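Coordinates in review
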Amino acid sequence: MRTTIRTMNMVKWYIHLFRKFFNFMSGLLLMTGILFTGCENNSTPVAPRIDNHELKASSSGVIAFASDVNTEEDVFIMNPDGTGRTNLTNDSSVNFDPSWSPDGKKIAFTSNRDGNSEIYIMNADGSNPVNITNNAADDEVPTWSPHGRQIAFESNRDGNREIYTMNSDGTGITRLTFNPADDMYPSWSPDGRKIAFITNRDGNTEVYTMNPDGTGLTNITNNSAGENSLISWSPHSDQIAFASSRDGNMEIYIMNADGTAITRLTNNSADDIYPSWSPDGRQIAFESLRDGNWEVYVMNVDGSAQTNITNNPDFDGIPNWGK
Ligand SMILES: [Ca+2]
Ligand SMILES: [Ca+2]
Ligand SMILES: [Ca+2]
Ligand SMILES: [Ca+2]
């Protein structure tokens, strides 16, 4: 079991380090290209803009995401068409896992600025970040209850990854899972009735749901082929978007909240991960490596009009679409 746990944590680090390596290599290639082309000017090469006219004019809300600046990730926001890119954290440590509060006024996120992973809440303009976990263990992946009074998160404070809830001021911590396997990536349904999460307790990672008190555990993917990971609820809580490698590499899928009617939305040999449903239910943001480095994309919920909205040579990912 220890091996399994270590393997899962290594998977998380692998993703992190793989991104770092890719960003480093693409930076190197970019520099080489500049040298060989005689450095026509000092401006950073910019990927060609993709015409966004296919996106629905009704695209609304703001997408929070993580992007590398210099060496480590910061939490950014942008409009769903990629405009208005703004760094909210401006911090030399790692800042990631952004999660919008339901009213769009706050963003919870993970940062190691105080020496280990903690969950912070800041205002939507980046001001007043507050550490609400203050625990020597890793505390990561915050997700808000629909009324904004509670936050579910993952932590290894009891020896392995488990799902917990707490009040949004950090008080009232309640442990929901009790399993030696890793329980990770919680996502609270917008109707408040379920918390979905990822666990490898059955050997491969599966999407489970449970009631917010930890009862009613249900494996809803129940598919031994590949890994199932990284979940987002539809606004009406009737569907779940997730990433899975069941068809050979990570793709974005949607399914009913009971695990039926699975539909694949991406079909690309690169990894497509981290889906996040738009507040109007019409689109899904996600992260993909298809253009050579990690970028944030949006698509319609039928998989059409997949559009790169970051077009930035550094890492861009972990989108979270808020009001
Ligand atoms: Ca901590
Ligand atoms: Ca566990
Ligand atoms: Ca893919
Ligand atoms: Ca990028």
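Everything here concerns the structure above.
Here's a quick rundown of the structure. (Residues numbered from 1 in each chain as written. Chains lettered and ligands numbered in written order. Predicted model: local features only at pLDDT ≥ 70, side-chain atom pairs only at ≥ 80, totals over all residues.)

1. Digging into the environment of Lys323
Mapped onto the fold, Lys323 is located in the segment after strand 24 (316-322). Taking the C-alpha atoms as reference, Lys323 lies 8.0 Å from Trp100; in sequence the two are 223 residues apart. For Lys323, the contacting residues outside a window of four places in its chain are Gly61, Trp100, Gly104 and Pro279. (Helix = DSSP H or I, 4+ residues; strand = E, 2+ residues; numbered from the N terminus. Contact = placed C-beta atoms within 7 Å.)

2. Considering the pairing of strand 13 (residues 195-199)
The side chains of a regular strand alternate between the sheet's two faces. For strand 13, a buried count of 5 out of 5 residues is recorded, marking the element as mostly surrounded by other parts of the structure. Looking at chain direction, strand 12 (residues 183-188) and strand 13 are connected through 4 bridges and run antiparallel. Residue pairing in the sheet places Trp188 in a bridge with Ile195 of strand 13. A loop of 6 residues connects strand 12 with strand 13, the two strands running antiparallel in sequence, and Gly192 in this loop sits at a positive phi of about 80°. Following strand 13, the chain reverses through 6 residues before pairing antiparallel with strand 14 (residues 206-210); Gly203 in that reversal takes a positive phi of roughly 110°. (Buried ≥ 20, exposed ≤ 12 C-beta atoms within 10 Å, placed from the backbone. Pairing = 2+ DSSP bridges.)

3. Remarks on the nonpolar core
The biggest cluster of nonpolar side chains holds 64 residues, and the ones touching the most others in it are Ile231 and Ile240. Setting aside residues no more than four positions away along its own chain, Ile231 makes contact with Tyr185, Ser187, Ala196, Ile198, Val207, Ile240, Ala241 and Phe242. (Core = buried A, V, L, I, M, F, W, Y, C linked by C-beta atoms within 7 Å.)

4. A closer look at the sheet that holds strand 13
Hydrogen bonds between backbone groups are what pair the strands of a sheet, and the pairing can be parallel or antiparallel. The strand order 12-13-14-15 describes an open sheet built from 4 strands, whose pairing is antiparallel. Each end of this open sheet is capped by a strand with a single partner; those strands are strand 12 and strand 15 (218-219). Of the pairings in the sheet, the one linking strand 14 to strand 15 comprises 2 bridges and is antiparallel in character. Following the sheet pairing, Tyr208 is matched in strand 15 by Asn219.

5. Thoughts on the pairing of strand 1 (residues 62-69)
Where burial is concerned, most of strand 1 is hidden: 6 out of the 8 residues are buried. Where strand 1 and strand 24 come together, 5 bridges link them in antiparallel fashion. Residue Ala64 lies in a different strand from strand 24, and its bridge partner there is Asn320. Here 7 bridges tie strand 1 to strand 2 (residues 72-78), and the two strands are oriented antiparallel to one another. Counterpart to Phe65 in the pairing with strand 2 is Phe76. Between the end of strand 1 and the start of strand 2, which pair antiparallel, lie 2 residues, with Asn70 showing a positive phi angle near 60°.

6. What to know about unusual backbone geometry
Phi at Asn128 is positive, roughly 55°, even though this residue is not glycine. Of note, Asn128 is situated in the loop between strand 6 (118-123) and strand 7 (130-131). Unlike most non-glycine residues, Ala261 shows phi in positive territory, near 60°. As for its position among the elements, Ala261 is in the loop between strand 18 (251-256) and strand 19 (263-264).

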